[in-house]
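Residue-level structure breakdown
Okay, here's what each chain looks like letter by letter:
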Amino acid sequence: MEETKESLSFKGVAERLTLGITRLLENMPGVVDVRFAEREPAEKRSLLSWEQKNTCILPEDLRDFYLTTDGFTLTWSVKLDNECVPLGCMMVNSVARLCPLLQPVSFFSLPNAPSLADLDWEESSTERGLEHAPAAPHFDSRSRIFELDSCGGTGKVCLVYKNCTPGVVAQQSEIWFLDRSLCWHFLTATFTSYYRLMITHLGLPEWQYAFTPYGPSPQAKQWASLYQPLTFSCELSLGDPAGDSYVNKLDPTKAFKGKSKAPAPKKKQSTQCGSGGTAKGQGNTGRHSGTKRGIDSSADPSACSEWGGWCSSTKTLYIPAPSTPPMGVATRGTHHHPFPALHI
């Protein structure tokens with residue numbers, strides 16, 4: 001009976017610790033295998049030992065977090081083609097794994113071996129185009145950096161103490177993201193804000209790159225638009241005033257529209273008939289002219305069906321016309337063709 005009460009009480013703590021994100025993920029389409037690693041609270045002596053070893057004071061909210069659970073791990077997968085693919089991961093290292101990013105130089109290392117401190121240089125915020133951005137951490141003794149999350153190899157989320165003096169206990173800390181090009185990007189000023197940010201982004205791949213000038217990869221943007229549409233659209237509107245969406249746009253009316261067929265070429269008319277047609281058209285325009293237009297006298301008039309009747313006595317070619325002559329037009333002889341005759 002007591003074990004049942006303890007399990008129910010711990011389940012309530014886990015529910016509050018995850019802010020109900022497990023139930024939200026389980027109701028999403030395609031999401032499977034939501035796992036939350038249950039851990040015991042960290043001991044106070046381990047926290048004091050860490051502070052003495054690293055000459056730093058843990059933030060109050062991070063201390064309370066470790067006194068509730070020694071680290072945090074929540075993973076979930078998606079089902080693609082009957083196969084579970086790991087996708088989301090939310091992680092905060094335990095106190096034992098909260099190690100310095102800059103390890104002390106080993107006695108057995110080469111004297112001129114390069115280190116991260118050699119990559120550090122002075123760069124003002126105005127040169128980077130960020131006038132109001134906080135000063136970035138340094139890889140030398142001026143900053144004390146501890147890894148909170150390895151981000152699956154895409155970068156590191158770090159607890160950073162800036163403006164440190166050797167031998168003096170550091171107290172003020174911030175949360176920064178170090179990308180793979182060793183550039184720093186500010187996330188939040190407190191651990192509580194970062195924890196809520198991690199829960200809001202569902203631990204999607206490369207979500208930390210949303211706070212960088214270049215953003216996450218196209219594949220990560222597609223996952224974000226699928227499982228985090230509201231937050232993803234807000235980030236796009238803030239980062240891109242034009243509001244261009246990274247979701248694939250498909251117009252079925254244009255994508256599946258067949259190619260338009262080219263019009264068939266017109267057949268050319270024969271030269272003999274063409275000349276007769278030209279004569280017919282010119283005869284209509286030049287009404288009652290009585291002149292010959294484009295007619296060869298040596299040609300046989302009966303060779304073309306488009307020509308009219310031929311009078312051997314008057315040697316006149318009559319162009320075809322309606323059977324009934326129009327009003328006011330006199331006919332010529334016995335040939336009832338009101339249109340002008342062509343004399344040859």
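Residues numbered from 1 in each chain as written. Predicted model: local features only at pLDDT ≥ 70, side-chain atom pairs only at ≥ 80, totals over all residues. Heavy atoms only, no water.

- The name given to the protein chain in an unreviewed UniProt entry is Tubulin polyglutamylase complex subunit 2, and the organism recorded there is Acanthochromis polyacanthus.

What about the overall build of the protein chain?
- Along the protein chain, the regular secondary structure elements total 9 helices and 10 strands.
- Out of the 344 residues in the protein chain, the part that is buried amounts to 32%.
- Contacts in the protein chain between residues at least 24 apart in sequence constitute 55% of all its contacts with a sequence separation of at least 6.
- Carbon and sulfur atoms provide 55% of the accessible area of the protein chain, an area that totals close to 22500 Å². (Helix = DSSP H or I, 4+ residues; strand = E, 2+ residues; numbered from the N terminus. Buried < 20%, exposed > 50% of the residue type's maximum accessible area, 1.4 Å probe, protein only. Contact = heavy atoms within 4.5 Å. Areas by Shrake-Rupley, 256 points an atom, 1.4 Å probe, with all protein chains shown as cover.)

Overview of the sheet that holds strand S4 (residues 144-149)
- What the 4 strands build is an open sheet, ordered S4-S5-S6-S7; its pairing is antiparallel. The sheet is open, and its two edges are formed by S4 and strand S7 (184-188), each paired on a single side. Sheet twist, expressed as the mean angle between neighbouring strand axes with direction ignored, is 40 degrees.
- Sheet strands in contact with helix H5 (residues 191-200) are S4, strand S5 (155-161), strand S6 (174-179) and S7, and its direction is about 95 degrees off that of S7. (Pairing = 2+ DSSP bridges. Axes fitted to C-alpha atoms, helices over the stretch in contact; angles between N-to-C directions.)

Section: helix H4 (residues 60-68)
- Among all positions in H4, only Leu62, Phe65 and Tyr66 are buried. In a view along the axis of H4, the buried residues occupy a sector of 95 degrees, so they form one face of it. (Arc of directions from axis to C-beta.)

Side note on the packing of aromatic side chains
- The full count for this structure, using the stated rule, is 17 aromatic pairs.
- Judged by centre distance (5.3 Å) and plane angle (75 degrees), the rings of tryptophan 176 and phenylalanine 186 are edge-to-face. One end of the pair, tryptophan 176, is in strand S6; the other, phenylalanine 186, is in strand S7, and 10 residues separate them in sequence.
- Relative accessible area serves as the criterion here: at 2%, tryptophan 176 is assigned to the buried category.
- On the basis of relative accessible area, phenylalanine 186 is assigned to the partly exposed category, the value being 30%.
- Between tryptophan 223 and tyrosine 227, the ring centres sit 6.2 Å apart and the planes meet at 20 degrees, which makes this aromatic pair stacked. Taken together, the residues span about one helical turn, with tryptophan 223 and tyrosine 227 both in helix H6 (residues 218-227) at a distance of 4 residues. (Phe/Tyr/Trp six-rings, centres within 6.5 Å; stacked < 30°, edge-to-face > 60°.)

Some words on the pattern of salt bridges
- This model, assessed by the stated rule, comprises 6 salt bridges.
- Arginine 35 is the salt-bridge partner of aspartate 33, the closest N and O atoms lying 2.7 Å from each other.
- Judged by relative accessible area, aspartate 33 falls into the partly exposed class, the value being 36%.
- Linking glutamate 174 and lysine 162 is a salt bridge whose minimum nitrogen-to-oxygen distance equals 3.3 Å. Of this pair, glutamate 174 sits in strand S6 while lysine 162 is found in the loop between S5 and S6, placing the two residues 12 residues apart along the sequence.
- A residue is classified by how much of its surface remains accessible, and glutamate 174, at 21% relative accessible area, is partly exposed. (Salt bridge = Lys/Arg side-chain N within 4 Å of Asp/Glu carboxyl O.)

Looking at the confidence of the model for the protein chain
- Confidence along the protein chain averages 73 in pLDDT terms, with 53% of residues attaining 70 or more.
- The model gives residues 1-8 a pLDDT under 50, and that stretch makes 0 contacts with residues more than four places away or in other chains. (pLDDT = per-residue confidence, 0-100.)

Description of unusual backbone geometry
- Despite not being glycine, leucine 182 has its phi angle at roughly 65 degrees, a positive value.
- Its place among the elements puts leucine 182 in the loop between S6 and S7.

Points about the nonpolar core
- Leu25, Phe65, Tyr66, Phe72, Trp76, Met90 and Leu148 are the most contacted members of the largest nonpolar core, which has 46 residues in total.
- A total of 6 residues in this core trace back to one element, the largest contributor, which is H5.
- Ignoring any residue separated from it by four or fewer positions in sequence, one finds leucine 148 in contact with Tyr66, Met91, Val92, Asn93, Leu98, Val157, Cys158, Leu159, Ile175 and Phe191.
- Judged by nonpolar contacts, the second largest core, of 8 residues, contains Leu101, Cys158, Val160 and Trp176. (Core = buried A, V, L, I, M, F, W, Y, C linked by side-chain atoms within 4.5 Å.)

Looking at the packing of H4 against H5
- It is the contact of H4 with H5, at a shortest axis distance of 8 Å, that shows an interaxial angle of 60 degrees. The pairing of H4 with H5 is recorded here as oblique in orientation. Here Asp61, Leu62 and Phe65 of H4 come into contact with H5, specifically with Phe191, Thr192 and Tyr195.
- Partitioning the contact of H4 with H5 into residue classes produces 4 nonpolar, 1 polar and 1 charged. (Parallel < 35°, antiparallel > 145°, perpendicular 65-115°, else oblique. Nonpolar A, V, L, I, M, F, W, Y, C, P; charged D, E, K, R; others polar.)

A look at the pairing of strand S2 (residues 72-80)
- Two elements, strand S1 (residues 31-36) and S2, share 4 bridges in a ladder whose sense is antiparallel. Looking across to S2, one finds that arginine 35 is bridged to threonine 75.
- Here S2 runs beside strand S3 (residues 83-92); their pairing, made up of 9 bridges, is antiparallel. By the bridge assignment, threonine 73 is partnered in S3 with methionine 91.
- If you look at the hairpin formed by S2 and S3, you'll find 2 residues sitting between the two strands, and aspartate 81 has a positive phi there, around 55 degrees.

Here's the deal with the sheet that holds S3
- Taken in spatial order, the 3 strands of this open sheet run S1-S2-S3, and their pairing is antiparallel. Both edges of this open sheet fall to S1 and S3, since each of them pairs with a single strand only. With direction set aside, neighbouring strand axes in the sheet form an average angle of 15 degrees.

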